[in-house]
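Geometric and topological summary
Okay, here's what each chain looks like letter by letter:
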Amino acid sequence: MKAAEVIDDLKRRFPNEPEYIQAVDEVLTTIEDVYNDNPEFERYNLIERLCIPDRIFSFRVSWVDDKGKVHNNMGYRVQHNNAIGPYKGGIRFHSSVNLSILKFLAFEQTFKNSLTTLAMGGAKGGSDFSPRGKSDMEVMRFCQAFISELWRQIGPDTDVPAGDIGVGGREVGYMFGQYKKMAREFTGTFTGKGLEFGGSKIRPEATGYGNVYFLLEMLKTRGIDIKDKKVAISGSGNVATYTAEKLLALGAKVVSMSDSDGTVHIPGGLTREQLDYIFKLKNIYRGRIREFAEEYDGVEYYEGERPWHRVKCDIAMPSATQNEIDGDDARALIAGGCMAVSEGANMPSTPEAIREFQKARLLYAPGKAANAGGVSVSGLEMAQNSQKLSWTEEEVDAKLKQIMSDIHTQCVKYGTEEDGYINYVKGANVAGFMKVARAMMAQGIL
Ligand code: NDP
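Residues numbered from 1 in each chain as written. Predicted model: local features only at pLDDT ≥ 70, side-chain atom pairs only at ≥ 80, totals over all residues. Heavy atoms only, no water.

1. Side note on the site of the ligand
The cut-off we apply is this: Any residue with at least one heavy atom within 4 Å of a molecule or strand is counted as near it. What qualifies as a polar contact is a pair of N or O atoms within 3.5 Å, subject to a donor-acceptor requirement within protein and to the restriction that residues adjacent in sequence count only when both atoms come from side chains. Residue burial considers only the protein chains on display, and all accessible areas are found by Shrake-Rupley using a 1.4 Å probe. Working definition: helices are DSSP H or I runs of at least four residues, strands are E runs of at least two. Numbering for both runs from the N terminus. Note on residue categories: nonpolar means Ala, Val, Leu, Ile, Met, Phe, Trp, Tyr, Cys or Pro, charged means Asp, Glu, Lys or Arg, and polar means any other residue, Gly included.
Surrounding the ligand, one finds 25 residues, the nearest of these being Asp 164, Thr 207, Ser 260, Arg 288 and Asn 346. A distance of 3.1 Å separates an oxygen atom of the ligand from a polar side-chain atom of Arg 203. Summarising the interface, the protein chains cover 82% of the accessible area of the ligand, which totals 890 Å² for the free molecule. At the level of secondary structure, the elements contributing two or more residues to the shell around the ligand comprise helix H8 (203-220), helix H9 (238-249) and strand S7 (253-259). Partitioned by chemical class, the residues of the shell around the ligand number four nonpolar, 14 polar and seven charged.

Pasting the structure below:
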C-alpha cells in the first residue's frame, strides 16, 4: 500500500470532503509501514474497506418552530466500521455539519474506540440544525423529528449514539425518549443519558477528566508536575468545563476559555466560583462567554479570537472544534513556552500544527487518544445497562483512569522513536488500527 496513492484515489472519489481526507491522510501515513509488514492486508484490500464507511444514512428532518414556521434540516448517520463491536459514536448538532465532517469523525471514532480496549465499532451522526437560540420546545421537536427517521437504524447491539457538539444531556434525553416511544422498548440505545434513566456516573465529566488523566501520564514521562502550570483551554462546553474542573482540583491554573464568538483570558487563573458561573451560564442560561468577562474584574475578552496567540501557557488543551490550531497558532504556542498539547476536541490541530509540535518535540497527544475517556465511559454505561446495574462514581472514575493509562501505554509501545521521543500520533494510530485490521481479516470480505 502506498498511502499517497490511496489518498489521491479518495480525493478523486470524494472531492468535496477535505476534513475526511485530512483524517484519513493522518492515519494512513503513520500506519503505512505496519500495514506493509502484513502482505495479507493488501491481498484483501483492507485499507479501502477500512477507509470507506460501511454505510451512510441521510435524511430530511422537518420540524415546526414556536411561531409555526416549518424548517427542513439534513440528518445523517455514518456507520463506519463494526468489526470489533456495535457502531458507537456521538451526534453533532451544528450549522457547519456536513458529510465530510461526519465521515472524518466516524473514521477517527473507529480507531479511538479500538484504543479504549472496549468492544465498540465506530460511527458518527448529526444535523446542520443548531440548538443555539432555540427554545426548549423547539429543540425537543427537532430531536423527536430526527429520531423518528433514524430510530430503525440504531439499537443497543446495532448502533449506540451519544452527545457531541450541540448535543448534551437535554438533547440525549429528548432523543432517547423518542427512540423509546418508537421502538417500544427501554434499552441502552443512547449513552450520556440522565442518571435517573440509565446514565452512568462520571459520563458528563469523562472526556474532560480523561484528557487530564492522559496529560498526567504524558507529563510523568518527563517528570513534570501539573501544579501551578498555566493551561489554556478553548471552548466552554462539556469537554472544556470538565477539563477545567479536574485541572483546578489538581492545582493547575486555567488561563483561558472560549466560544465561537471569542476568548476570555484570566491572567490570575480561573477560580472554582468562576467555573461554577460558567457552568450555569452555558448549561442553564445558554449564554455567551463574553458575559463571563462582563461579570468579573480582571478578565479580558477578545472578540473573534482564539486563545493561542493571546494567552501564554505551559499547556494547551483545545476543546472546541476541528482545525482550531493552525501552523501560526502552533508556532505562537511554542514561542510562548508551551510544552504540552493534549486534545479534548477531535482533530483540533491542522497537519501543519502537528508537524510544528512534533518538530519542537512537544508532548503532543491527538484527540483519538487524549479524548477517548468520553466514549470509554459510554462503553461502561452500555455495560451497566446490559447488567441493569449502576456502578458508583469511584468505580467508574477508577476504571476511566485505568483505561486512559492503558491507552497511554499502547501509545508508548507503538509510538516511541529511536531517540526516545514518543510520537503519540503514530502510537495511537498503529495500536487502534491493528486490532480493527485483525478483526476484519478474521471476518472475511463483507
Ligand atoms: P459542546 O457543544 O458542549 O461545546 C462546544 C464548545 O466549542 C462551545 O464552547 C462552542 O462554542 C465551541 N465551538 C463549537 N464550534 C466552534 C467553532 N466552529 N469555532 C469556535 N468554537 C466552537 O461540545 P463538546 O464539549 O461536547 O465537544 C467539544 C469537542 O470535543 C468536539 O470536537 C467534540 O467532537 C469533542 N469530543 C466530545 C466528546 C464528548 O463526550 N462530548 C467526546 C470526545 C470528543 P459555541 O457555544 O459558541 O458554539
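2. Quick word on the sheet that holds strand S11 (residues 340-342)
Note the cut-off: Here, any two strands with at least 2 DSSP bridges between them count as paired. Only the contacting stretch of a helix is used when fitting its axis, a line to C-alpha atoms as for every element, and angles between N-to-C directions run 0 to 180 degrees.
Read from one edge to the other, the open sheet built from seven strands follows the order S9-S8-S7-S6-S10-S11-S12, with strand pairing classed as mixed. Unpaired on one side and paired on the other, strand S9 (300-303) and strand S12 (363-365) mark the two borders of the sheet. Across the sheet, the mean angle separating the axes of adjacent strands is 15° when strand polarity is ignored. Across three bridges, S11 lies against S12 in parallel orientation. Within the sheet, the bridge partner assigned to Ala 340 lies in S12 and is Leu 363.

3. Some details on the environment of Ile 284
Here is the rule we go by: Here the term buried applies to any residue with accessible area under 20% of the maximum for its type, exposed to any over 50%, and partly exposed to those in between, with areas from a 1.4 Å probe on protein chains only.
Relative to the assigned elements, Ile 284 resides in the loop between helix H10 (272-283) and helix H11 (290-295). Given a relative accessible area of 57%, Ile 284 falls into the exposed group. A C-alpha to C-alpha distance of 22 Å links Ile 284 and Gly 374, two positions 90 residues apart in sequence.

4. Focus on the pairing of strand S6 (residues 230-233)
To keep things clear, this is the line we draw: Convention used here: a crossover is right-handed provided that the path from the first strand, over the helix, to the second strand proceeds clockwise when the strands point away from the viewer.
Of the pairings in the sheet, the one linking S6 to S7 comprises three bridges and is parallel in character. The residue of S7 that forms the bridge with Val 231 is Val 254. For the segment spanning S6, H9 and S7, crossover handedness is right-handed.

5. Overview of H10
Under the convention used in this document: A helix is expected to span 1.5 Å multiplied by its residue count minus one. In what follows, residue pairs with any heavy atoms lying within 4.5 Å of each other are defined as contacts.
For H10, spanning twelve residues, the distance from its first C-alpha to its last is 16 Å, which sits close to the expected 16 Å at 1.5 Å a residue. Restricting attention to buried positions, one finds in H10 the residues Gln 274, Leu 275, Ile 278, Phe 279, Leu 281 and Lys 282. Looking at the packing, one finds that the buried side of H10 touches H9, S7 and H11.

6. A few points about the sheet that holds strand S5 (residues 159-162)
Whenever strands of a sheet pair, they do so through backbone hydrogen bonds, lying parallel or antiparallel. With mixed pairing, five strands are arranged side by side in an open sheet as S1-S2-S4-S3-S5. If you trace the sheet from one side to the other, it starts and ends with strand S1 (55-64) and S5, each paired once. Pairs of neighbouring strands in the sheet enclose a mean axial angle of 20°, with direction left out of account. Examined bridge by bridge, strand S2 (residues 70-81) and strand S4 (residues 122-127) share six bridges and lie antiparallel to one another.

7. Observations concerning the environment of Met 441
By the element assignment, Met 441 lies in helix H18 (residues 424-443). In this structure, the C-alpha to C-alpha distance between Met 441 and Phe 59, residues 382 residues apart in sequence, is 32 Å. Ignoring anything within four residues of it in the chain, the contact list for Met 441 reads Glu 40, Phe 41, Tyr 44 and Leu 46.

All we've got here are geometric facts, nothing functional implied.
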